Protein chains: 2
Amino acid sequence: MQKIRIAVVGFGNVGHEVLASVLESRDMEVAGIVEVPEKIQKIRRSVRGFPVVSDVEELEEVHVAVLAVASRSVEEIAPQYLEKGINTVDAFDIHGNSILKLKNYLGPIARANNSVAIVSAGWDPGTNSVVRVLMEAIAPRGVTYTNYGPGISLGHTVAVKAIDGVEDAVSITVPKGNGEHKRLVYVKMKENRNFEEVAEIIKRDPYFVRDHTYVFKVDDVEAIVDMGHGVRIERKGVSGKTHNQRMEFIMSVTNPAATAQLMVSAARASMKQKPGSYTLLEIPPIDFLWGDRDANISRLL
Amino acid sequence: MQKIRIAVVGFGNVGHEVLASVLESRDMEVAGIVEVPEKIQKIRRSVRGFPVVSDVEELEEVHVAVLAVASRSVEEIAPQYLEKGINTVDAFDIHGNSILKLKNYLGPIARANNSVAIVSAGWDPGTNSVVRVLMEAIAPRGVTYTNYGPGISLGHTVAVKAIDGVEDAVSITVPKGNGEHKRLVYVKMKENRNFEEVAEIIKRDPYFVRDHTYVFKVDDVEAIVDMGHGVRIERKGVSGKTHNQRMEFIMSVTNPAATAQLMVSAARASMKQKPGSYTLLEIPPIDFLWGDRDANISRLL
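Residues numbered from 1 in each chain as written. Chains lettered and ligands numbered in written order. Predicted model: local features only at pLDDT ≥ 70, side-chain atom pairs only at ≥ 80, totals over all residues. Heavy atoms only, no water.

(A) Here's a closer look at the overall build of chain A. Per the secondary structure count, chain A includes nine helices and 14 strands. Computed over the C-alpha atoms, the radius of gyration of chain A is 21 Å, within 12% of the 19 Å expected from 2.2 N^0.38 for a compact globule of 301 residues. Dimensions of chain A, computed from the C-alpha atoms along their principal axes, are close to 60 × 60 × 30 Å. The buried share among the 301 residues of chain A stands at 58%. Of the contacts formed within chain A by residues at least 6 apart in sequence, a portion of 64% connects residues at least 24 apart. (Helix = DSSP H or I, 4+ residues; strand = E, 2+ residues; numbered from the N terminus. Rg over C-alpha atoms; globule rule 2.2 N^0.38 Å. Buried < 20%, exposed > 50% of the residue type's maximum accessible area, 1.4 Å probe, protein only. Contact = heavy atoms within 4.5 Å.)

(B) Here's a closer look at the pattern of salt bridges. What the rule picks out here adds up to 33 salt bridges over all chains. Measuring nitrogen to oxygen at the nearest pair gives 3.3 Å for the salt bridge that ties A:E24 to B:R141. Within this pair, whereas A:E24 is found in the loop between α1 (13-23) and β2 (28-34), its partner B:R141 is found in strand β7 (residues 141-148), the two belonging to separate chains. Residue A:E24 is classed as partly exposed on the basis of its relative accessible area of 36%. Linking B:R235 and B:E136 is a salt bridge whose minimum nitrogen-to-oxygen distance equals 4.0 Å. Of this pair, B:R235 sits in strand β12 (residues 228-239) while B:E136 is found in helix α5 (residues 127-138), placing the two residues 99 residues apart along the sequence. Of the residues examined, B:R235 reaches a relative accessible area of 3% and is grouped as buried. Among the charged side chains, a network of salt bridges with common partners joins A:E24, B:R141 and B:K241. (Salt bridge = Lys/Arg side-chain N within 4 Å of Asp/Glu carboxyl O.)

(C) Fine view of the relation of the copies chain B and chain A. For the pair chain B and chain A, the relating rotation is 180 degrees, the translation along its axis is 0.1 Å, and the fit reaches an RMSD of 1.4 Å. The superposition operator between the copies reduces to a two-fold rotation axis. A share of 100% of interface residues in chain B that are also interface residues in chain A marks the association as one of identical surfaces. (Least-squares fit on C-alpha atoms with pLDDT ≥ 70 in both.)

(D) Summary view of the nonpolar core. Ranked by internal contacts, the top residues of the largest apolar core, which has 161 residues, are A:F249 and B:F249. Here A:F249 is in contact with A:N128, A:V131, A:M135, A:V231, A:R232, A:I233, B:M135, B:M247, B:E248 and B:F249, once residues within four sequence places are set aside. Of all hydrophobic cores here, the second largest spans 15 residues; its members include B:A159, B:V166, B:V187 and B:V215. (Core = buried A, V, L, I, M, F, W, Y, C linked by side-chain atoms within 4.5 Å.)

(E) Region of interest: the environment of B:V22. Residue and element names in this part refer to chain B. Looking at where V22 falls in the secondary structure, it is placed in helix α1 (residues 13-23). On the accessibility criterion, V22 (1% relative accessible area) is buried. Setting aside residues no more than four positions away along its own chain, V22 makes contact with I6, M28, E29, V30 and V264.

(F) Focus on the interface of chain B and chain A. Between chain B and chain A, the contact holds 67 residues from the first and 67 residues from the second. For the pair chain B and chain A, the summed buried surface comes to about 5,500 Å²; carbon and sulfur atoms form 64% of the total. For chain B, the biggest contributors to the area lost against chain A are B:L134, B:L281 and B:L301; these three give 13% of the whole. For the pair chain B and chain A, the interface holds six salt bridges. For the side of chain B that touches chain A, the element with the highest residue contribution is strand β13 (residues 242-254) of chain B, accounting for 12 residues. In the side of chain B that touches chain A, the residues fall into 33 nonpolar, 20 polar and 14 charged. The sheet contact formed by strand β13 (residues 242-254) of chain A and β13(B) spans seven bridges and is antiparallel. When the sheet's bridge partners are listed, A:E248 is paired in β13(B) with B:I250. (Buried area = accessible area lost by both parts, 1.4 Å probe. Nonpolar A, V, L, I, M, F, W, Y, C, P; charged D, E, K, R; others polar. Pairing = 2+ DSSP bridges.)

(G) Focus on the packing of aromatic side chains. Residue and element names in this part refer to chain A. Taken as a whole, this structure holds two aromatic pairs over all chains when the rule is applied. With centroids separated by 5.1 Å and ring planes inclined at 20 degrees, the aromatic side chains of Y186 and F216 adopt a geometry described as stacked. In this pair, Y186 is assigned in strand β10 (residues 180-189) and F216 in strand β11 (residues 212-217), connecting sequence segments 30 residues apart. Relative accessible area serves as the criterion here: at 35%, F216 is assigned to the partly exposed category. (Phe/Tyr/Trp six-rings, centres within 6.5 Å; stacked < 30°, edge-to-face > 60°.)

(H) Highlighting helix α8 (residues 255-270) of chain B. Over its 16 residues, α8(B) extends 22 Å from the first C-alpha to the last, a length consistent with the 22 Å expected when each residue adds 1.5 Å. Among the 16 residues in α8(B), 16 count as buried, and that is most of the element. (Expected span 1.5 Å × (residues − 1).)

(I) Quick look at the environment of A:N194. Residues and elements named next belong to chain A. Relative to the helices and strands, N194 is located in the loop between β10 and α7 (195-204). Residues N194 and S115, 79 residues apart in the sequence, show an inter-C-alpha distance of 50 Å. There is a polar contact of 2.9 Å between the side chain of N194 and the backbone nitrogen of E196. Polar side-chain contacts of N194 include one of 3.2 Å to the backbone nitrogen of E197. (Polar contact = N/O pair within 3.5 Å; in protein donor to acceptor, adjacent residues only side chain to side chain.)

(J) Expanded view of unusual backbone geometry. Residue and element names in this part refer to chain B. A cis amide bond links D124 with the next residue in sequence, P125, at an omega value of 0 degrees. Summarising the element assignment, P125 is placed in the loop between β6 (116-118) and α5. The step from G149 to P150 runs through a cis peptide bond, and the omega angle for that step is 0 degrees. Tracing the backbone shows P150 in the loop between β7 and β8 (151-152). The phi angle at N192 is positive, at roughly 65 degrees, despite the residue not being glycine.

(K) Seen up close, the sheet that holds strand β11 (residues 212-217) of chain B. Residue and element names in this part refer to chain B. The strand order across the open sheet built from four strands is β8-β9-β10-β11, with neighbouring strands paired in mixed fashion. The strands lining the two open edges of the sheet, one partner per strand, are β8 and β11. Of the strand pairs in this sheet, strand β9 (residues 166-177) and strand β10 (residues 180-189) are connected by 10 bridges, and their pairing is antiparallel. Paired with D168 across the bridge in β10 is K188. The sheet strands contacting helix α7 (residues 195-204) are β9, β10 and β11, and the helix crosses β11 at an angle near 155 degrees. (Axes fitted to C-alpha atoms, helices over the stretch in contact; angles between N-to-C directions.)

(L) Quick peek at the sheet that holds strand β7 (residues 141-148) of chain A. With antiparallel pairing, six strands are arranged side by side in an open sheet as β7(A)-β12(A)-β13(A)-β13(B)-β12(B)-β7(B). In this open sheet, the two strands that pair with only one neighbour each are β7 of chain A together with β7 of chain B. Mean inter-strand twist for the sheet, computed between neighbouring axes without regard to direction, equals 10 degrees. In terms of strand pairing, β12(B) meets β13(B) through 11 bridges, oriented antiparallel. Bridge assignment links B:K236 to a residue of β13(B), and that residue is B:R246. Helix-sheet contacts for helix α5 (residues 127-138) of chain A involve β7, β12 (228-239) and β13 of chain A together with β13 of chain B, and the interaxial angle to β12(A) is about 15 degrees. The strands touched by α5(B) within the sheet are β13 of chain A together with β7, β12 and β13 of chain B, with β12(B) carrying the most contacts at an inclination of about 15 degrees.

Listed below in structure tokens is the structure:
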């Protein structure tokens, strides 16, 4: 059987894990790694056995490009692949209607080029979103609380690192319950820069302004980085006229590995969808899994 | 907008809750209740405002028949509706390949008559199956344990009640951990019937044969009936090469209400599928929800 050939696009934390997940998938093979030219030599020295290129055209047949890139560059990068008839999977993680905007932007490009784009194929947005849908299907009335962490928020971390005077930083999300969160920000300052000023800027930043944010000055950010993350989703709702229907989903994972694995599972699903763009909410769940469809249905139902 | 017109087929525990869920659904209306002729008069006295009939032909336009009937009669009842171009939803709950058999039996009938059959649209098999798929999509290697209860298993109870010599019965599922269960079956015998014989029949029944089953003789089954039920699904697995990825889904619900609500959510989804038969694993999750699709995507992602 023809294996699904994957291009790993971007080779940071998540990209490394995408490679690992593809290597563990019996129905897939690595077509190659795509990175910016200045990083290629270093990657070639550390990874053997796959082409490392700066242009996907240099790779032999590619079915799916897994875009392990910053959310903000998905809009620019994904069309380059979709236009070549290559499916894309991203883990675009800016909640709200920007996901729908991205999906609606990529959809026509995908349809015009007979390819499939799966957007926001991580765990939140992503599989957690599916869990929230299931909870509402069981109990349509009620409130769902999604409690993240404790764990590093990449989006918040990037926002802090971009502040003038910050040399390195990490932002940790800690759940307070009922969907409220604390933000613990650890900052290493550039020399001779004022920490209190930066702390104030962080607290007023749109990323942080709604949460209780605590900013700490540290000498070594690397020393506190742990990639564990988690979530607790709770719903108490009403089925028909029956109240107190309770559901809970709890996860504790190494974050880049979970995100990467989900992108790879979504890459598989992309091969089974009609041309167009999809969120995980619009894909039959069985399509994520390897193996015989009927056997999986019998096993998992 | 045209509302989805639902026929409630079977008016026992679950049927009552199906009616409640349809009445709470803004996009649906009750076309009527279908029951066997001998029960119609009694139902007509208790339920006002809807036709109660023994033949769906007596109802005005029906889009979906929600089959709140015993699993074992789905195979016989569903085709009667599908052949009329009416979608069906059942909560067939005999695990293993009998679900696939039912699905493959109903599929050609549905396709030939431009209708949709959704099979096993309860919480297990059903939404729990979707949760198990999501867990494997996140961590493909590993073991999932599904721990049911404590609570009454309707399927098991119906199976026991169908045994000759049984006047009334209830089957309670108790989790032993790691996906193992005890079945506690409480039986009220018909007069002058042999309890030991019935107990042996129960233990050899396909519903019970894989579990430790304890059968007790009681004088009053009603006195021990509580419709609370629950589940705990656990998975510890591997994403790529990263181990110890942990996930857990916990639910505590009034069972007939949860099952009925899911069937009603699936009835909605049936309107969005192409003719044929489906399990919940093959349906885009967003289709279960009421309301604007794009708004739901933005809200839940």
